[in-house]
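Chain by chain, the residues run as shown.
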Amino acid sequence: MSKTKQKSFAGYLLIGIGAYFLLRELQVPIITNFYSWTTLIIIIGLALLIYSYSAKEYQHLFTGTLLLGLGIHWHGLNHYDFWIDHWAVYPLIIGIAFIVRSLRTKKGFWLGILFVGISIIFIFSIQLPIWFDWVYTVMDYLERFWPIVIIIIGIYLLMRKK
């Protein structure tokens, strides 16, 4: 990323964060639900998306969409009773991020469709058939040991050949 492009991302990010804190200081009643850390995640995601499109740096679309989706999801969990609180929302957000990125890079579309499809099946299946009981066991382990997955991904990123 060139210095000019870094400056434009920083500019978008500072505009978003500055607007957030200004609106917070002005205490605009309509947006009081948005005075939280999740809004900052949403702002960072939006800044990455705007930067990606304006600078034609489409590899950042995945990260921007991921952060935007996570921020919206966490905001919904904190503020709306009707919001879906299900583990399959996270792969859904990842799938959407793959699809958004693939619209410009032509990579990851089918992986995104796979993630979205599996997520939708799990979100809308109240009771899975008996032969799917193993999924609950795997999910119990993942919910408990998910930091190990992150550590393994970090080690992979450090060890892979460039």
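Notes on the structure in this doc start here. (Residues numbered from 1 in each chain as written. Predicted model: local features only at pLDDT ≥ 70, side-chain atom pairs only at ≥ 80, totals over all residues. Heavy atoms only, no water.)

1. What to know about the overall build of the protein chain
Check the secondary structure of the protein chain and you find six helices and zero strands. For the protein chain, the α and β elements follow one another from N to C terminus as α-α-α-α-α-α. Within the protein chain, the fraction of its 162 residues that count as buried is 29%. Looking at the protein chain alone, contacts between residues at least 24 apart form 51% of all its contacts between residues at least 6 apart. (Helix = DSSP H or I, 4+ residues; strand = E, 2+ residues; numbered from the N terminus. Buried < 20%, exposed > 50% of the residue type's maximum accessible area, 1.4 Å probe, protein only. Contact = heavy atoms within 4.5 Å.)

2. Side note on the environment of alanine 55
The residue alanine 55 is located in helix 2 (residues 37-55) in this model. Separated by 46 residues in the primary sequence, alanine 55 and phenylalanine 9 place their C-alpha atoms 8.9 Å from one another.

3. Some points on the packing of helix 3 (residues 61-79) against helix 4 (residues 89-105)
Helix 4 packs onto helix 3 with a crossing angle of 150° between their chain directions and a minimal axis gap of 8 Å. In this structure, helix 3 crosses over helix 4, and the sense of that crossing is right-handed. In this structure, helix 3 contributes Leu61, Phe62, Thr65, Leu66, Gly69, Leu70, His73, Trp74 and Leu77 to the contact, and helix 4 contributes Val89, Tyr90, Ile93, Ile94, Ile96, Ala97, Phe98, Val100, Arg101 and Arg104. Residues of the contact of helix 3 with helix 4, tallied by class, amount to 14 nonpolar, three polar and two charged. (Axes fitted to C-alpha atoms, helices over the stretch in contact; angles between N-to-C directions. Left-handed = near helix turned anticlockwise from the far one by under 90°. Nonpolar A, V, L, I, M, F, W, Y, C, P; charged D, E, K, R; others polar.)

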